[in-house]
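Chain by chain, the residues run as shown.
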Amino acid sequence: MGILKYDYPSYVRMLRAITIILYGGMVVITALIFYSLYFSIKYERAEFWVGFAKGLAHQLATPVSSLYGWYEVVKETLPEDAREGIKRDLDRLSSVLRRFSKLGGNVSLERVDLAEVAERVLKFMSEKYRSSTSITFEGERAYIKGDAELLEWALENLIKNSVEAGADKVKIRVYTKGNKVCLSVTDNGKGFTKRELKMAFKTSFSTKQKGWGVGLILVKRIVDLHKGSVSIEKSDPFFETEISLRFPTL
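What counts, and where the lines are drawn
- Residues numbered from 1 in each chain as written.
- Predicted model: local features only at pLDDT ≥ 70, side-chain atom pairs only at ≥ 80, totals over all residues.
- Heavy atoms only, no water.
- Helix = DSSP H or I, 4+ residues; strand = E, 2+ residues; numbered from the N terminus.
- Buried < 20%, exposed > 50% of the residue type's maximum accessible area, 1.4 Å probe, protein only.
- Contact = heavy atoms within 4.5 Å.
- Patch = residues over 30% accessible without salt bridge, like charges linked within 9 Å, V, L, I, M, F, W, Y side chains within 5 Å.
- Areas by Shrake-Rupley, 256 points an atom, 1.4 Å probe, with all protein chains shown as cover.
- Salt bridge = Lys/Arg side-chain N within 4 Å of Asp/Glu carboxyl O.
- Pairing = 2+ DSSP bridges.
- Axes fitted to C-alpha atoms, helices over the stretch in contact; angles between N-to-C directions.

Caption draft 1: Examining the overall build of the chain more closely. For the chain, the helix and strand inventory stands at 6 helices and 7 strands. Going residue by residue from the N terminus, the α and β elements of the chain occur as α-α-β-α-β-β-α-β-β-α-α-β-β. A burial count over the chain gives 35% of its 250 residues as buried. In the chain, the share of contacts with a sequence separation of at least 24, taken over all contacts with a separation of at least 6, comes to 69%.

Caption draft 2: Quick peek at helix H6 (residues 215-225). With 9 of 11 residues buried, H6 lies mostly within the body of the structure. Taken from the residues just after H6, Lys227 is the one with a positive phi, measuring 55°.

Caption draft 3: Inspection of a nonpolar patch on the surface at higher detail. A contiguous nonpolar surface patch, about 330 Å² in accessible area, is contributed by Trp70, Val73 and Val74. Residue position: Trp70 is located in helix H1 (residues 10-74). Judged by relative accessible area, which is 58%, Trp70 ranks as exposed.

Caption draft 4: Layout of the sheet that holds strand E5 (residues 180-187). Spatial strand order, E2-E4-E5-E7-E6: 5 strands in an open sheet with mixed pairing. The open sheet has two free edges, formed respectively by strand E2 (134-139) and strand E6 (229-236), since each of these has just one partner strand. Across the sheet, the axes of successive neighbouring strands diverge by a mean angle of 15°, strand direction being ignored.

Caption draft 5: Structural view of the pairing of strand E3 (residues 143-146). Of the two faces of E3, only the one carrying Ile144 and Gly146 is buried; Tyr143 and Lys145 on the other face are not. Of the strand pairs in this sheet, strand E1 (residues 110-113) and E3 are connected by 4 bridges, and their pairing is antiparallel. Counterpart to Val112 in the pairing with E3 is Ile144.

Listed below in structure tokens is the structure:
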């Protein structure tokens, strides 16, 4: 009696293997496409802000210089308080332009005391919001490699957001945790919704009708320039919302 053997030809088994390989390859390629798309969008967004910041600083530099010139012409005819006020506002405008220029990447990092930065911002913002909000500070001397002007801008944005969220109490803290120097802003404003928590620091949004919604994006950009990180630690509406910035210690 003979023996009958049967099976799929060897090339059929090879076709099965090829099908599995092709399927796996398609999955990998699809993942790579989405990965590349994500970083492409992220890169384009960063490049947009760099270009926007540099362009804005460049466009406004000439009229600000002209304003300084006109100030020198008329300052002797002005009362002392008006002269001081105009000079203070012009200096403030120049500071804003420098900040935008640095935001585009032209930043030189030096040894900075983060507590000293917070104290300067506290003085300015307390005066600005003295009728509506109590702003306090506690902390220790803590040094990082940074740009004081940009760090002040980031903190000002966070305090401004707190006030506009209805907070009447804002607390600034500077402390060291492990190998990080932390700067936190805590308030009793309305906090963030779940949707806003997902959007924060990633895309522009505003709870105000005419707001640009770029404050947190500016904060994120500044923190990135300092090789730090930022996060919303907690958001308990009208009780406690805390945003924390963390930087490498010197």
